[in-house]
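As a plain string of letters, each chain reads:
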Amino acid sequence: MRAVPPGFVTTYGDLCPEAPRFAGAVLAGCHDPDVPWQRVVRADGSLAKGSRQRRLLQLEGTPLRGDRVDLRLAWVDVAALGARTPER
């Protein structure tokens, strides 16, 4: 998750394909301010943490469509990301 740059997102399923809800539970219990939790969204681009998450993503310049992140522009595959920086 820390590999996801500002303005981009990944999904809970990308973080933990076998158990995306487990990934969500771990993030819900994490209170480390250095963890960019706002960059993890549901598979349909919706926000698990609502307006708080939306505000943080907007500050990072993440493209949104209505109440969801525009995954066509903002999604990155964390498994393939490695040292690359994604391009829009």
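The structure reproduced in this document is the subject of the present report. (Residues numbered from 1 in each chain as written. Predicted model: local features only at pLDDT ≥ 70, side-chain atom pairs only at ≥ 80, totals over all residues. Heavy atoms only, no water.)

Side note on the side chain of Asp70
Argument step 1. With respect to the element layout, Asp70 can be found in the loop between strand 4 (68–69) and helix 4 (71–74).
Argument step 2. A polar side-chain atom of Asp70 sits 3.1 Å from a polar atom in the side chain of Arg72. (Helix = DSSP H or I, 4+ residues; strand = E, 2+ residues; numbered from the N terminus. Polar contact = N/O pair within 3.5 Å; in protein donor to acceptor, adjacent residues only side chain to side chain.)

Some thoughts on the pattern of salt bridges
Argument step 1. Scanning the model with the defined rule gives four salt bridges in all.
Argument step 2. Between Asp32 and Arg2 there is a salt bridge, with its nearest N and O atoms 3.8 Å apart. With Asp32 in the loop between helix 2 (20–28) and strand 2 (40–41) and Arg2 in the segment before strand 1 (10–11), this residue pair connects regions lying 30 residues apart in the sequence.
Argument step 3. Overall, Arg2 belongs to the exposed group, its relative accessible area being 56%.
Argument step 4. Among the ionic pairs, Arg68 bridges to Asp44, the shortest N-O distance being 2.6 Å. Here Arg68, found in strand 4, pairs with Asp44, found in the loop between strand 2 and helix 3 (50–60); they are 24 residues apart in sequence, far enough to count as distant.
Argument step 5. Using a relative accessible area of 38% as the deciding quantity, one classes Arg68 as partly exposed. (Salt bridge = Lys/Arg side-chain N within 4 Å of Asp/Glu carboxyl O. Buried < 20%, exposed > 50% of the residue type's maximum accessible area, 1.4 Å probe, protein only.)

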